[in-house]
Amino acid sequence: MAAIKVHGSPFSTASQRVFATLYEKDVDFEFVNVDLGSGEHKKEPFISLNPFGQVPAYQEGDLTLFESRAITDHIAQKFASKGTPLTTGEPEMKVWLQVEVNHFEPASSQLGWEQVFKPMFGMTTDPAAVEANEAKLSKVLDVYETRLSKSKYLGGDQFTLVDLHHLPNIQVLNGTPTKKLFDSRPKVSAWIADVTARPAWSKVLAMQKQ
């Protein structure tokens, strides 16, 4: 089997989705660190792997992929018989994959940017942007609370890519005041406790300490 290389950063939420998927599938891979601080992702040789200059990039023999959710889908399909089954084949799961992209990701990533990444870069958090995006995220989480009263996970009764795709932004927001939006919803809070305790996710977080 072709050796797998993932070019990315353990601090990149998009890279983390790919790492988590590979760990869930128990697939060996080589991690190639891309120094985002020095702008390696905007230069050769990385720019040849992803012309948009964003991590991660995935190599498997002659195959090169970018866009984290496309990569996780490929891994889940290609290694379907290994590790954790991450897809169900049910149309309902596909719906919730899109919910994460179109509803959870925009507000949660903006909240992470304002409260974590801006201060990291010496920039000032915009309280108005935080308030506006917390209002948006609250509406999404209300829908999640209802959904999780009917199924253990968002995509159904088993852990899937739907839940996994949420993990990076949840991790970021768990270290901010926005965590109150999770804690105030019992079903959401229990779901987060469950998915963030997965061994594969612990391995992703451990990469940040290496």
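Nothing here was measured: the structure is a model prediction, and the numbers come from that model.

A. Molecular detail of helix α8 (residues 186-196). Taken together, the buried positions of α8 are occupied by Val188, Trp191, Ile192, Val195 and Thr196. Mapping the buried residues of α8 onto a view down its axis gives an arc of 115 degrees, with all of them on the same face. Where α8 is buried, its residues meet α5 (127-147), α6 (161-173), α7 (179-183) and α9 (199-207).

B. A look at the pairing of strand β4 (residues 63-66). Judged from the four bridges that link them, strand β3 (residues 57-60) and β4 form a sheet pairing that is antiparallel. Pairing of alanine 57 across the sheet is with phenylalanine 66, part of β4. Hairpin connection from β3 to β4: two residues lie between these consecutive antiparallel strands, with glycine 61 at a positive phi of about 65 degrees.

C. Layout of the UniProt feature "domain: GST C-terminal" (unreviewed entry) in the protein. Using the residue numbers shown here, the UniProt feature "domain: GST C-terminal" (unreviewed entry) corresponds to residues 86-210. This span, residues 86-210, is 71% helix and 0% strand, and a straight line between its end C-alpha atoms measures 27 Å.

D. Main features of the sheet that holds strand β1 (residues 4-8). An order of β2-β1-β3-β4 is seen for the four strands of this open sheet, with the pairing classed as mixed. Lying at the two open borders of the sheet, with one neighbouring strand each, are β2 (30-33) and β4. With direction set aside, neighbouring strand axes in the sheet form an average angle of 20 degrees. Examined bridge by bridge, β1 and β2 share four bridges and lie parallel to one another. Residue pairing in the sheet places valine 6 in a bridge with phenylalanine 31 of β2. The strands touched by helix α3 (residues 68-78) are β3 and β4; relative to β4, the strand with the most contacts, the crossing angle is about 130 degrees.

E. Quick peek at helix α1 (residues 13-24). Taking 1.5 Å per residue as the helical rise, α1 with its twelve residues ought to reach 16 Å, and the 16 Å between its terminal C-alpha atoms agrees with that figure. Most of α1 sits out of view: ten of its twelve residues are buried. Along α1, the residues that are buried comprise Ala14, Ser15, Gln16, Arg17, Val18, Phe19, Ala20, Thr21, Leu22 and Glu24. Looking one or two residues beyond α1, the residue adopting positive phi is aspartate 26, at roughly 55 degrees.

F. Expanded view of the packing of aromatic side chains. In this structure the tally under the stated criterion is nine aromatic pairs. In textbook terms, an aromatic cluster arises when at least three aromatic residues are bridged by ring pairs, as seen for Phe19, Tyr23, Phe29 and Phe31. The ring of phenylalanine 159 has arginine 198 lying over it, and the distance from NZ or CZ to the ring centre is 3.8 Å.

G. Focus on the pairing of β1. The buried count for β1 comes to four of five residues, which makes it a mostly enclosed element. Of the crossover connections in this fold, the one passing from β1 over α1 to the parallel β2 is right-handed.

H. Just the side chain of threonine 72, in detail. Assignment of secondary structure puts threonine 72 in helix α3. We classify threonine 72 as buried; its relative accessible area is 0%. Only 2.8 Å separates the side chain of threonine 72 from the side chain of histidine 165, close enough to count as a polar contact.

I. Highlighting the pattern of salt bridges. What the rule picks out here adds up to ten salt bridges. Connected through shared salt-bridge partners, Arg17, Arg69, Glu100 and Glu105 make up one network.

J. Quick peek at a nonpolar patch on the surface. A cluster of nonpolar side chains, namely Trp113, Met120, Phe121 and Met123, defines an oily patch on the protein surface of about 430 Å² accessible area. Residue placement: tryptophan 113 occurs in helix α4 (residues 91-120).

K. How the structure looks around unusual backbone geometry. For the bond from glutamate 44 to proline 45, the omega torsion is 5 degrees, close enough to zero to count as cis. Here proline 45 shows up in the loop between β2 and α2 (46-49). Along the chain, valine 55 connects to proline 56 via a cis peptide bond; the corresponding omega equals 5 degrees. Following the sequence through the fold, proline 56 ends up in the loop between α2 and β3. Positive phi outside glycine occurs at glutamate 67, with the angle close to 75 degrees. Structurally, glutamate 67 can be placed in the loop between β4 and α3.

Criteria and cut-off values
- Residues numbered from 1 in each chain as written.
- Predicted model: local features only at pLDDT ≥ 70, side-chain atom pairs only at ≥ 80, totals over all residues.
- Heavy atoms only, no water.
- Buried < 20%, exposed > 50% of the residue type's maximum accessible area, 1.4 Å probe, protein only.
- Helix = DSSP H or I, 4+ residues; strand = E, 2+ residues; numbered from the N terminus.
- Arc of directions from axis to C-beta.
- Contact = heavy atoms within 4.5 Å.
- Pairing = 2+ DSSP bridges.
- UniProt positions renumbered as here; feature names shortened; annotations may be inferred.
- Axes fitted to C-alpha atoms, helices over the stretch in contact; angles between N-to-C directions.
- Expected span 1.5 Å × (residues − 1).
- Phe/Tyr/Trp six-rings, centres within 6.5 Å; stacked < 30°, edge-to-face > 60°.
- Lys NZ or Arg CZ within 6 Å of the ring centre and 35° of its normal.
- Right-handed = clockwise from strand over helix to strand, strands pointing away.
- Polar contact = N/O pair within 3.5 Å; in protein donor to acceptor, adjacent residues only side chain to side chain.
- Salt bridge = Lys/Arg side-chain N within 4 Å of Asp/Glu carboxyl O.
- Patch = residues over 30% accessible without salt bridge, like charges linked within 9 Å, V, L, I, M, F, W, Y side chains within 5 Å.
- Areas by Shrake-Rupley, 256 points an atom, 1.4 Å probe, with all protein chains shown as cover.

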